[in-house]
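Structural features, examined
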Amino acid sequence: MFLTHGLDIDCNELVELVTAYLDDALDPDTRRRFTDHLDLCDGCDTYVEQMRQTIRLTGALAADDLAPDLRETLLTAFRGWKNGTAPPA
Amino acid sequence: MRALRGGDEQAFAELVGRLTPSMLAVAAGRVPGRTVAEEVVQETWLAVLTGLDRFEGRSSLRTWVFGILLNIARTRGARERRSVPFSSAFPTDQAGPQAQAGPTVDPGRFHPPGTPWSGHWTAVPQPWELPENALLSHEIRTRLRAALDALPPGQRAVVHLRDVQGLDAAEVCAILDLEPGNQRVLLHRGRARIRQALEDYIHEEPA
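Residues numbered from 1 in each chain as written. Chains lettered and ligands numbered in written order. Predicted model: local features only at pLDDT ≥ 70, side-chain atom pairs only at ≥ 80, totals over all residues.

Observations concerning the domain arrangement of chain B
All names here are of chain B.
- When its domains are assigned, chain B resolves into domain 1 (2-79) and domain 2 (103-204).
- Inter-centroid distance (C-alpha atoms) of domain 1 to domain 2 is 26 Å.
- Listed per partner, the contact involves 10 residues of domain 1 and 11 residues of domain 2.
- The set of elements that each furnish at least two residues to the side of domain 1 that touches domain 2 consists of α2 (9-28) and α4 (61-79).
- Tallying contributions element by element places α4 first for the side of domain 1 that touches domain 2, with five residues.
- When grouped by side-chain class, the residues that make up the side of domain 1 that touches domain 2 number five nonpolar, four polar and one charged. (Domains from an automatic or database assignment. Contact = placed C-beta atoms within 7 Å. Helix = DSSP H or I, 4+ residues; strand = E, 2+ residues; numbered from the N terminus. Nonpolar A, V, L, I, M, F, W, Y, C, P; charged D, E, K, R; others polar.)

See the structure below:
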């Protein structure tokens, strides 16, 4: 019983909750213990920030180039579609 | 959308460039082999083009495209006689409780149980001093791409949809037919591995 009313979560537990925290999927009590911990712990604060940086950097991969041959195949298909279709009125 | 319907090749090329790598990653988890995955992606784009006039904008264009992709992959997977539901396709990286158990951060980085600081960092993570242009760094992109490609298929598909394409949790659950909790576990495990790959890279850089 006292566990659910604990004031603390350990660092090794906190790191497993980061994605739920960022998705706002923690229950209010766990969320409060999570943020209380972050306020006091530089290591976990840094870890959460690094997860945010990881997400931001991963998002930048969307702009990466496609393999040229596949790109060409798809554009050729597009031209075929375009030529076989009357333009919308 | 209007540009696409009007046959604007530039608009199509941009969309293809933005979505195709993630489509390949998602398809690769559903059908055997890179070649079949590429065929599924090509078939999807053809279906998107022929269906453009029927797209009513009730979902986002990306959600619509990935929905078509999954349908085609499902059909194709069945034809390849290798069809398995997504949630049981990768027994080693999802679904089973054992497969999902286990820490995402090396337990050696925390004080062991039974010691006064049990569960706390032995050495706290050091903040990353990423250069302003980190997003453009070829080296970082190469490392990120490699870490993403190395993820187990289920994690890779979810990380692509959530973090590369920026879809929200509900959209990804709908597209991949995942429970919210399972989606979150796959995403968390994938992100944690990519974070570790970035940390490894940053630490090997000369100060």
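This is not the end of the story, as more comes after the structure.
Concerning the interface of chain B and chain A
- With 49 residues of chain B at the contact, the number on the chain A side is 41 residues.
- Counting residues per element, the ones that place at least two in the side of chain B that touches chain A are α2, α3 (34-51), α7 (138-149), α8 (153-164) and α10 (180-204) of chain B.
- When its residues are assigned to classes, the side of chain B that touches chain A shows 28 nonpolar, 11 polar and 10 charged.

Quick look at unusual backbone geometry
- A positive phi angle, near 55 degrees, is found at D24(A), a position not held by glycine.
- When you line up the elements, D24(A) lands in the loop between α2 (18-22) and α3 (28-40).
- A residue is classified by how many C-beta atoms lie within 10 Å of it, and D24(A), with 8 of them, is exposed.
- Despite not being glycine, D177(B) has its phi angle at roughly 55 degrees, a positive value.
- Within the fold, D177(B) resides in the loop between α9 (169-176) and α10. (Buried ≥ 20, exposed ≤ 12 C-beta atoms within 10 Å, placed from the backbone.)

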